[in-house]
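Working through the structure, step by step
Residues per chain are reported as follows:
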Amino acid sequence: MASLQSLRGMADLLPGQIGLWQHVEARAREHFRRSGITEIRTPLLEVTELFARGIGEATDVVGKEMYTFLDRGERSCTLRPEGTASVVRAAIQHGLLSQGAQRLWYGGPMFRYERPQAGRLRQFHQIGVELLGFADACSDVEAIAIAWDLLDELGLGGLALELNSLGSSEDRVRYREQLVTWLEQRRDQLDADSQARIHTNPLRVLDAKHPDTQALLAEAPSLASALSDASQARFAAVQQALTALGIPFVLNPRLVRGLDYYGHTAFEITSSQLGAQATVCGGGRYDGLVQQLGGPATPAIGWALGMERLVLLLSQAERPAAALDLYVVSRGEAAATAALALARLCRQAGLAVERDATGSAFAKQFKRADRSGARWAAVIGEQEAADGLVGLQDLRASEPAGDRRLGPVELVEALQAARGRP
Ligand code: ATP
Ligand code: MG
C-alpha cells in the first residue's frame with residue numbers, strides 16, 4: 001500500500017529541528033516579558049467575513065490564498081492567514097479596549113494557499129506583536145525596536161530595516177487617483193497582474209515583481225509627494241526617533257505591504273541571505289482596522305515575523321547546545337529497574353535525563369551516551385545494582401577520570417551542584 005504523505009506546503013518539524021524553534025520561542029517569550037507585552041491566543045478557525053472585512057477583498061491573501069470552506073452548519077469558515085484580524089476581533093469581543101491600551105503578542109501556525117518554495121509554505125508560523133491604543137510616532141518606533149532587538153538578540157546579522165509612510169487615508173485617496181490616471185495611460189505596458197489591479201488595488205502595482213513593470217514605475221507619481229504636511233511631519237518624527245535609538249534604516253518608497261489595513265508607518269526587516277523570500281518581519285500602523293471590525297476608534301501598530309525564514313537564517317549560524325544533563329546506561333534486569341528509578345528521581349529533581357533501554361553491551365551504550373550530548377553518564381551494572389550505588393562519569397572530561405560511585409540521592413545533589421558551573 002502506498003504510504004501517506006503530508007499535504008504540499010505543510011511541513012513536519014522533526015526532532016532534529018525542534019531545538020532551534022524552541023530556542024527562538026523561549027527568547028521571544030522572555031523578550032516580550034521584558035517589554036511588558038502579554039500573550040493572547042485566538043482560534044485557528046474564524047468566520048471568513050473577519051478576513052474579508054479586515055484584510056480587504058482585493059488583497060492577494062483574501063483573493064486567492066485563503067483556506068475557506070463551509071462547516072457542517074453551512075457557515076463559511078477560514079483557517080487564519082494572519083494574526084492581526086483575530087487579535088483585534090478578540091480585543092473587541094471581550095472589551096479589552098475599554099480597559100486601556102493593550103500590548104499583545106501571539107504565535108502559531110497561519111495558512112495561505114501559495115506556491116511552496118524555500119521560506120514559503122502553506123502552513124507557516126508567525127510570531128507577532130500588536131500595540132492597540134497607541135498613536136504617537138514613538139509607539140511606531142517602540143514596536144520596530146522590539147522586533148529589531150529580538151532579531152539582534154537571536155544573533156542575526158545582515159539585516160536591513162526598510163521604511164515607508166503610506167500617509168493618512170485621505171492622502172491615499174488623493175494619491176490613488178493620481179496613480180490610477182497614470183497607470184491607465186500606460187495600461188498596455190503593464191503585466192497582466194498589474195493591469196487587473198489598476199482599479200482593485202492600484203497601490204499594490206508599485207510592488208509588482210515583473211521587471212518591465214518595475215522599470216516603468218520609476219517614472220510613476222510618488223506616494224511621498226502626495227503626503228500632507230501633517231503626515232510628512234509624522235514620518236520625519238519616526239525617522240528621528242529611530243536615529244536617536246541608533247537603529248539604521250533605508251527609505252523604500254515602493255514598500256506598500258500586502259494587507260489593506262496599513263497607513264502611515266510601514267516597514268519590513270529583510271535579510272540578504274534569504275534569496276527571493278527576503279522579508280523576515282513586516283508590519284505597520286493600522287489606525288482604521290479596529291473601527292472597521294466594529295470596535296471603538298483605536299490607533300494601533302503591529303508586526304509579524306516568519307518563523308520558517310528566521311529559523312533558516314539561524315540554522316546557517318549558531319546552534320543552541322543540547323539540554324540533556326544525564327544519560328543512564330545499565331545492564332541486567334535488576335540494574336534496569338535501578339536505572340529506571342534513578343532516571344525518575346533525577347527528573348523529579350529537575351534534571352533532564354535519558355535512559356538507555358536497549359540492554360546492549362556497555363561499549364555500545366556509551367557510544368550513544370556520547371552522541372546524546374549529555375554532560376554526564378550514570379552507569380549501573382549488576383554489582384552497582386546489588387550495592388544500591390551508581391557510577392558517575394563526566395562525558396566532557398578530557399581524560400577519563402574513572403567512575404565516582406555514589407548513592408542516587410548523592411548523585412542528584414552532585415549534578416545539581418555541577419549544573420551551576422560551566
Ligand atoms: P511575502 O511578500 O513574502 O509574501 P507578506 O507580505 O505576504 O510576505 P505578511 O503577511 O506581512 O507577509 O507576513 C509577515 C511575515 O510572515 C513575512 O515577512 C514572512 O516572513 C512570513 N510569511 C508570510 N507568508 C509566508 C509563507 N507563505 N510562508 C512562510 N512565511 C511567510
Ligand atoms: Mg504574501
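Residues numbered from 1 in each chain as written. Chains lettered and ligands numbered in written order. Predicted model: local features only at pLDDT ≥ 70, side-chain atom pairs only at ≥ 80, totals over all residues. Heavy atoms only, no water.

**Quick word on the pattern of salt bridges**
Under the convention used in this document: Basic side-chain nitrogens of Lys or Arg form a salt bridge, by our definition, when they fall within 4 Å of a carboxyl oxygen of Asp or Glu. Secondary structure elements are defined from DSSP: runs of H or I of at least 4 residues count as helices, runs of E of at least 2 residues count as strands, and each element is numbered from the N terminus. Between buried and exposed lies partly exposed: a residue is buried under 20% and exposed over 50% of the maximum accessible area for its type, with that area taken using a 1.4 Å probe on protein chains only.
In the structure shown here, the tally under the stated rule is 21 salt bridges. Among the salt bridges present, the one from Lys 64 reaches Asp 60, with a minimum N-O distance of 3.9 Å. Separated by 4 residues within a single helix, Lys 64 and Asp 60 lie in helix α3 (residues 60–65), roughly one turn from each other. Given the relative accessible area of 51%, Lys 64 is considered exposed. In this structure, the salt-bridge partner of Glu 114 is Arg 120, at a minimum N-O distance of 2.9 Å. A relative accessible area of 13% means that Glu 114 is categorised as buried. The class for Arg 120 is partly exposed, based on a relative accessible area of 23%. One salt-bridge network, in which partners are shared between bridges, spans Glu 30, Arg 33, Arg 34 and Glu 153.

**Quick word on the sheet that holds strand β6 (residues 123–132)**
For the record, the criterion: Following DSSP output, two strands are said to pair if at least two bridges run between them. Here, residues are in contact when the closest pair of their heavy atoms is within 4.5 Å. For helices, the axis comes from a line fit to the C-alpha atoms of the stretch in contact; other axes are also lines fit to C-alpha atoms, and the angle between any two N-to-C directions lies between 0 and 180 degrees.
Pairing is mixed in the open sheet, where 8 strands are placed in the order β1-β5-β6-β11-β10-β9-β7-β8. Across the chains shown, the open sheet's two edge strands, defined by having one partner strand only, are β1 (38–39) and β8 (250–251). Pairing of strand β9 (residues 263–271) with strand β10 (residues 279–285) involves 6 bridges; the strand directions are antiparallel. Directly across from Ala 266, in β10, lies its bridge partner Gly 284. Sheet strands touched by helix α1 (residues 15–34): β1, β5 (102–111), β6 and β11 (300–306). Its angle to β6, the strand with the most contacts, is close to 5°.

**Considering the domain arrangement of the protein**
Our working definition: What counts as a domain boundary in this text is fixed by an automatic or database domain assignment. Using a 1.4 Å probe, buried area is obtained as the accessible area two parts lose upon being combined, added over both of them. For the purposes of these results, a polar contact is taken to be a pair of N or O atoms within 3.5 Å, where, inside protein, one atom must be able to donate a hydrogen and its partner to accept one; residues adjacent in sequence count only when each atom of the pair is a side-chain atom. Any residue outside Ala, Val, Leu, Ile, Met, Phe, Trp, Tyr, Cys, Pro, Asp, Glu, Lys and Arg is labelled polar, Gly included; the first ten of those are nonpolar and the last four are charged.
We note that the domain assignment places domain 1 (15–168 + 228–315), domain 2 (179–223) and domain 3 (326–418) within the protein. Between the C-alpha centres of domain 1 and domain 2 the distance comes to 26 Å. If you look at the interface, domain 1 gives 11 residues, while domain 2 gives 11 residues. Across the domain 1 to domain 2 interface the summed buried area is about 910 Å²; carbon plus sulfur atoms make up 47%. Considering only the surface of domain 1 that becomes buried against domain 2, Ala 58, Arg 254 and Val 256 emerge as the three largest contributors, covering 57% of it. Our count for the contact surface shared by domain 1 and domain 2 stands at 1 salt bridge. One can count 3 residue pairs in polar contact (both at pLDDT 80 or more) joining domain 1 with domain 2. Residue composition of the side of domain 1 that touches domain 2, by class: 3 nonpolar, 4 polar and 4 charged.

**Points about the site of ligand 1**
What counts here: We call a residue near a molecule or strand when any one of its heavy atoms sits within 4 Å of it. Accessibility throughout is a Shrake-Rupley quantity obtained with a 1.4 Å probe, and a residue counts as covered only by protein chains that appear here.
In the vicinity of ligand 1, 14 residues are found, and the nearest of them are Arg 112, Glu 114, Arg 120, Leu 121 and Arg 257. A distance of 3.4 Å separates an oxygen atom of ligand 1 from a polar atom in the backbone of Gly 306. Its free accessible area being 580 Å², ligand 1 has 88% of it covered by the protein chains. Here the shell around ligand 1 takes 3 residues from β10, the largest share from any one element. Of the residues belonging to the shell around ligand 1, the class tally is 5 nonpolar, 4 polar and 5 charged.

**Quick look at the packing of helix α14 (residues 333–348) against helix α17 (residues 408–419)**
This is how it is decided: An angle below 35 degrees is read as roughly parallel, one above 145 as roughly antiparallel, one from 65 to 115 as roughly perpendicular, and any other as oblique. Each crossing gets its hand from how the near helix is turned against the far one by less than a right angle, where anticlockwise is left-handed and clockwise is right-handed.
One can describe the packing of α14 onto α17 by two numbers: an axis separation of 10 Å at closest approach and a directional angle of 40°. Classified by the interaxial angle, the pair formed by α14 and α17 is oblique. Judged by the sense of rotation from one axis to the other, the crossing of α14 with α17 is right-handed. Of the residues in α17, those in contact with Leu 342, Leu 345 and Cys 346 of α14 are Pro 408, Val 409, Leu 411 and Val 412. Considering only residue class, the contact of α14 with α17 consists of 7 nonpolar, no polar and no charged.

**Focus: the side chain of Arg 122**
Convention followed: Lys and Arg are tallied as positive, Asp and Glu as negative. Neither His nor the chain termini are counted.
Positionally, Arg 122 belongs in the loop between β5 and β6. The buried charged residue Arg 122 lacks any salt bridge partner; its closest oppositely charged side chain belongs to Glu 114, at an N-O distance of 8.4 Å. Not counting chain neighbours up to four residues away, the residues in contact with Arg 122 comprise Arg 8, Gly 9, Met 10, Tyr 67, Met 110, Phe 111, Arg 112, Tyr 113, Glu 114 and Pro 116.

**Here's the deal with the sheet that holds strand β16 (residues 404–406)**
Across the sheet, 5 strands lie side by side as β13-β12-β14-β15-β16; this open sheet has mixed pairing. Every interior strand has two partners, whereas the edge strands, β13 (353–355) and β16, have only one. The sheet shows a mean angle of 25° between the axes of neighbouring strands, taken without regard to direction. Across the face of the sheet, α14 comes into contact with β12 (326–330), β13, β14 (376–380) and β15 (390–394) while running at roughly 165° to β13. Packing of helix α15 (residues 362–372) onto the sheet brings it into contact with β12, β14 and β15, and relative to β12 it is tilted by some 170°.

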